[in-house]
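Coordinate inspection notes
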Amino acid sequence: MNIMGLYEDKRKRTHTPEGYELLTLESGHLEYDFHWHLGYCWSKFLAGLKEQRFLATKCSQCGAVYMLPRQVCGRCFLEMDEWVEVGPEGTLEGFTIVRFPYIDPNHGGMMQVPFTSIWVNLDGASTRMMHYCNEYDEKNLVVGSRLRAVWAEERTGSIHDVSHFEIIK
Amino acid sequence: MGKRVGIIGVGQTHHAAKRLDASGVEIIAEAVTRALDDAALTIADIDAMVIGNMDHFENINYVDMWAVDGLGACMKPVFKVTTGGTTGTTVGACGYYHCASGLFDVVLAVGWEKNSESDTQAAIATCSNPALERDFFAGAIGPLATEYSMYMKAYGATEEDAAIVAARDRNNALNNPYAHSRQQVTVEDVLKSPMLSYPIKFLDMCPRSDGACAVIFAVEEKAKRLCAKPAWVHASVVRHDYTHFGDLEWTFMPTLERASAEAYKLAGITNPLKEFDVAELYLPASTCGVKWMDSLWFCEHGEAPKLVRKGTFQMDGELPINPSGGVISTNPIGATGLIRVGEAAWQIMGRAGARQVENVRKALATGFGGCSWSDVMILGADLP
């Protein structure tokens, strides 16, 4: 009975009790493609970025201006049909400088570190958006700092049409 | 209000960075067998089961199919639940709901994960919007690091406050034979450990573990008959928040604040710091062990660093938190929340071994998931 050793601490085992090596099956590199449909709001938002404009949606009930825009105000559960332009300057509300490398789920390669991930509250918006900042020293990053969007030279209708945010000195 | 329900058995595996000795289904069998033995039951006594994990960590879907043997679920009703980090506590909540509904008498809840089988950060990053947020989101660590940057700015909390929490949980794990990471560390060690993502350092952050946990819930009549000292469920509450990371309030934790307020109301708790004897909290990073204390109503917003510095949450303090070593010592993600529930239950049942807190009458367990939602479960030695 109890061949599996259900009560033993087997954490350090490398072989079965009979002496067979404990095996791992390597999957090899798995890759498959997805096609995410961005719908009305995000398509319009990304088209706005291409024109160097931040387009947000506004709730007619609570007045919240959502950046990132979306169709329904979560608090009010009400459809929003008013668009307002916010930014391109804003306030740094939180940040981290990522120094550990991990696999980028976009393509399976390693993330380039360090990178600075920020939450920026664009002027006129009630919520924040995430993006990059080109400052990698925590001593120079102060919550409350003013930031400005830096546009990519080639814009394709992607979140990377904003290259990053920079601190306004 | 549903039927009254008690926890009558808990089982967990010996957790590790890599459990090469056992497949996913074998670690599930380990936890289930140990829980059945803890409750002195056989699989025939189980009316239904709930199981959960995060599929994208193992890239094997349908655990409710392939783990049936190890789960003991042949010809029984099985429900799979997966809610990110809270999977374990939600599995527990569903076990409770099953019994409380009056439709099932004895229900087995199982959470498990084989985190070593893939890259955890890449898998977690798939929780965020691929077009708008994923590139800027650094797995589990990014938002936790960012929220603490905001909390430090708002209230003058420090990296050292977090290090005190890290040292507490890690040293507590020395008393837990199941814990994955068991190492004696000082506050200084934590502060000197490599920076992962400012301000979170290596020893501040949870590991990724292989492991499983199983908890058996029973309705009042059965629980009384089957168990000398059940851990009664006094409240189980879940709260979710907005979709996008930037939508959330980050200087406190709204879902934890709302879920715990509702749970305290249901359980008749008015002064949580005094009334709880122990807490097993899902703190994925030591920084949460500072910031989130505000949101559990232990103190006013911004006061948590003072309590942490005073030793309030140490084993000999007013409210010991994480005698097991917590999440930063053991983190098989789909099981992590259920381990909180199981450890809290063992504290009530007096079965927590070297990590037992004396005379526990009321215990608090929490779960954290995504960004940011919260599960809260309150257990008691007395019937609710």
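Residues numbered from 1 in each chain as written. Chains lettered and ligands numbered in written order. Predicted model: local features only at pLDDT ≥ 70, side-chain atom pairs only at ≥ 80, totals over all residues. Heavy atoms only, no water.

1. Looking at the domain arrangement of chain B
Residue and element names in this part refer to chain B. As far as domains go, chain B holds domain 1 (5–121 + 209–233) and domain 2 (128–207 + 245–376). On a C-alpha basis, the centres of domain 1 and domain 2 stand 23 Å from each other. For the pair domain 1 and domain 2, the summed buried surface comes to about 2,700 Å²; carbon and sulfur atoms form 64% of the total. For the pair domain 1 and domain 2, the number of links is one salt bridge. Arg-351 serves as the salt-bridge partner of Asp-38, at 3.0 Å between the closest nitrogen and oxygen. Seen at the junction of domain 1 and domain 2, the total is 16 residue pairs in polar contact (both at pLDDT 80 or more). Looking at the side of domain 1 that touches domain 2, the elements with two or more residues in it are β1 (5–12), α1 (24–39), α5 (87–100), β4 (106–114), α6 (120–125) and β7 (210–219). Tallied by class, the residues present in the side of domain 1 that touches domain 2 amount to 18 nonpolar, 21 polar and five charged. (Domains from an automatic or database assignment. Buried area = accessible area lost by both parts, 1.4 Å probe. Salt bridge = Lys/Arg side-chain N within 4 Å of Asp/Glu carboxyl O. Polar contact = N/O pair within 3.5 Å; in protein donor to acceptor, adjacent residues only side chain to side chain. Helix = DSSP H or I, 4+ residues; strand = E, 2+ residues; numbered from the N terminus. Nonpolar A, V, L, I, M, F, W, Y, C, P; charged D, E, K, R; others polar.)

2. Things to note about the packing of aromatic side chains
All names here are of chain B. Throughout the structure, instances matching the rule amount to 19 aromatic pairs over all chains. Between Trp-66 and Trp-112, the aromatic rings sit 5.4 Å apart at their centres with planes inclined by 90°, giving edge-to-face as the arrangement. Of this pair, Trp-66 sits in helix α3 (residues 63–66) while Trp-112 sits in strand β4; the two residues are 46 residues apart in sequence, bridging distant segments of the chain. Trp-66 sits in the partly exposed class, given a relative accessible area of 24%. (Phe/Tyr/Trp six-rings, centres within 6.5 Å; stacked < 30°, edge-to-face > 60°. Buried < 20%, exposed > 50% of the residue type's maximum accessible area, 1.4 Å probe, protein only.)

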